[in-house]
Amino acid sequence: MEFEHSPHPAPTPADKRDEALKDPGFGKLFTDHMVVIEYDADKGGWHKATLGPREAISLDPAAAVLHYAQEIFEGMKAYKQGDDRLALFRPEQNARRFNESAKRMAMPELPEELFLESIRQLVAADRDWVPSGPDGSLYLRPFMFASEAFLGVRPARQYKYILIASPVGPYFKGGAKPVKIWVSRNYTRAAPGGTGAAKTGGNYAASLVPQAEGIEHGCDQVVFLDAVEKKWIEELGGMNLFFVFDDGTVITPPLTGTILPGITRDSLIQLLREEGLEVREEPYSIDQWRADATEGRLLETMACGTAAVVTPVGTVLGPDGEFTIGSGGTGQMTNKVREKLVGIQKGAVDDTHGWTMKL
């Protein structure tokens, strides 16, 4: 599909852009352009791909997304490497997960190559927006929603795919410092047979009340337990978890349909095994987490995701009390795999896995 290019009438002046990039924060600053691709089941599917100025979206009040929440998204980054070239990290995995989410939400799949070409088009147009700092990257947000105007419970026949970009620094204030986690006992993120494995906005909306509860208790993130027995650890509001033990083993909760299959998660499994650790995907309970941490068997807990990369968990707090992981600081293995992963993304470490795509 050919992309139509619509010129920007007033791009951000270079001096204003460079000043903003000195401290971009996370998710508050946006680039000049966006990609839009239309879908209409009655017009043959996907058509009319446009790269143009970032602008407001016009929606009919009866647009299906506003009433029935047919919406999915992805999160990925473009990195500036040492040779000043830009690179993506495992973007084909984002394309595949995007389509898995689409299938679960009864939405049309977007051809993977079209997904990847949209990324290439936008990054090429806004490459000057990529921060140069060690924690800087261009966060890419592809999303799709039902745009057909109708009131009725059925899959929509019209959709919009849109891609925007945001220059970002570290996700957590202060960088990769240990975070404090709140254990949610009153709320669950997803149930078996639900949409937990899809990257859809409703999953994140459901996490906002317990996240606020955690913040009230001085925590940075909330960890959810399973919806059936309310004892098995699943994931944080937006990150997967790993548990590193003193016998050289690592546990991460299994993908049973209620957990998002993180791309960073999959990468960490491979990196940890390369370090000689035995990584097992199996259930791990909150009571066992507390016991292992208290008795010293558990050395480290790390959270991972595209936005925060790899972050140590220092303290866990909940209605049942509080416990500390190791010394409460950043563990040796957490630091090691984070440096290796970021090194691959930034081009400082040889990519022997073929994970990076040069742009």
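Model, not experiment: these values are computed from the prediction.

**Q** Looking at this structure, how should I read helix α9 (residues 332-346)?
**A** A turn of α-helix holds 3.6 residues, and therefore any two residues three or four places apart point the same way. Given a rise of 1.5 Å per residue, 15 residues ought to cover 21 Å, and the 21 Å separating the end C-alpha atoms of α9 matches this to within 8%. Where α9 is concerned, the buried positions are Met333, Thr334, Val337, Arg338, Leu341, Gly343, Ile344, Gln345 and Lys346. Buried residues in α9 make contact with β5 (76-80), β6 (86-89), α7 (263-274), β15 (298-305), β16 (309-318) and β18 (356-358). Of the residues trailing α9, glycine 347 is marked for its positive phi of about 85°.

**Q** Help me out: how do you make sense of the layout of surface pockets in this one?
**A** Empty space left among the atoms is revealed by rolling a probe the size of a water molecule over them. Here the largest pocket defines a volume of roughly 610 Å³. Forming the boundary of the largest pocket are 29 residues, of which Tyr171, Tyr204, Gly237, Gly238 and Ala307 lie nearest the centre. Mapped onto the lining of the largest pocket, the elements with two or more residues apiece are β7 (137-146), α6 (208-216), α7 and β15. Counting residues per element, the lining of the largest pocket draws most heavily on α7, which supplies three residues.

**Q** Mind showing me how you'd approach the side chain of glutamine 345 here?
**A** Considering the arrangement of structural elements, one finds glutamine 345 in helix α9. Excluding its chain neighbours within four sequence positions, the residues that come into contact with glutamine 345 are Tyr79, Gln81, Phe89, Val309 and Thr356.

**Q** Hey, could you run me through the packing of aromatic side chains in this one?
**A** To describe a pair of aromatic rings, you give the distance between the ring centres and the angle between the ring planes. Inspection of the entire model under this criterion finds 16 aromatic pairs. Ring plane angle 55° and centroid distance 5.2 Å describe the contact between phenylalanine 73 and tyrosine 204, whose orientation is recorded as tilted. On the criterion of sequence distance, the pair formed by phenylalanine 73 in strand β4 (residues 71-73) and tyrosine 204 in helix α5 (residues 201-205) is long-range, its members being 131 residues apart. Ring plane angle 80° and centroid distance 5.0 Å describe the contact between tyrosine 171 and phenylalanine 172, whose orientation is recorded as edge-to-face. By relative accessible area, which is 38% here, tyrosine 171 ends up partly exposed. On the basis of relative accessibility, which here comes to 12%, the residue phenylalanine 172 falls in the buried class. Taken together, the aromatic side chains of Phe243, Phe245, Tyr284, Trp289 and Phe323 make up a single cluster linked through ring pairs.

The rules behind each value
Residues numbered from 1 in each chain as written. Predicted model: local features only at pLDDT ≥ 70, side-chain atom pairs only at ≥ 80, totals over all residues. Heavy atoms only, no water. Helix = DSSP H or I, 4+ residues; strand = E, 2+ residues; numbered from the N terminus. Expected span 1.5 Å × (residues − 1). Buried < 20%, exposed > 50% of the residue type's maximum accessible area, 1.4 Å probe, protein only. Contact = heavy atoms within 4.5 Å. 1 Å grid on protein atoms, 1.4 Å probe; cavity = no way out; pocket = protein on both sides within 12 Å on 5 of 7 lines; lining within 4 Å. Points joined across faces, edges and corners; volume = space filled by probe spheres on them. Phe/Tyr/Trp six-rings, centres within 6.5 Å; stacked < 30°, edge-to-face > 60°.

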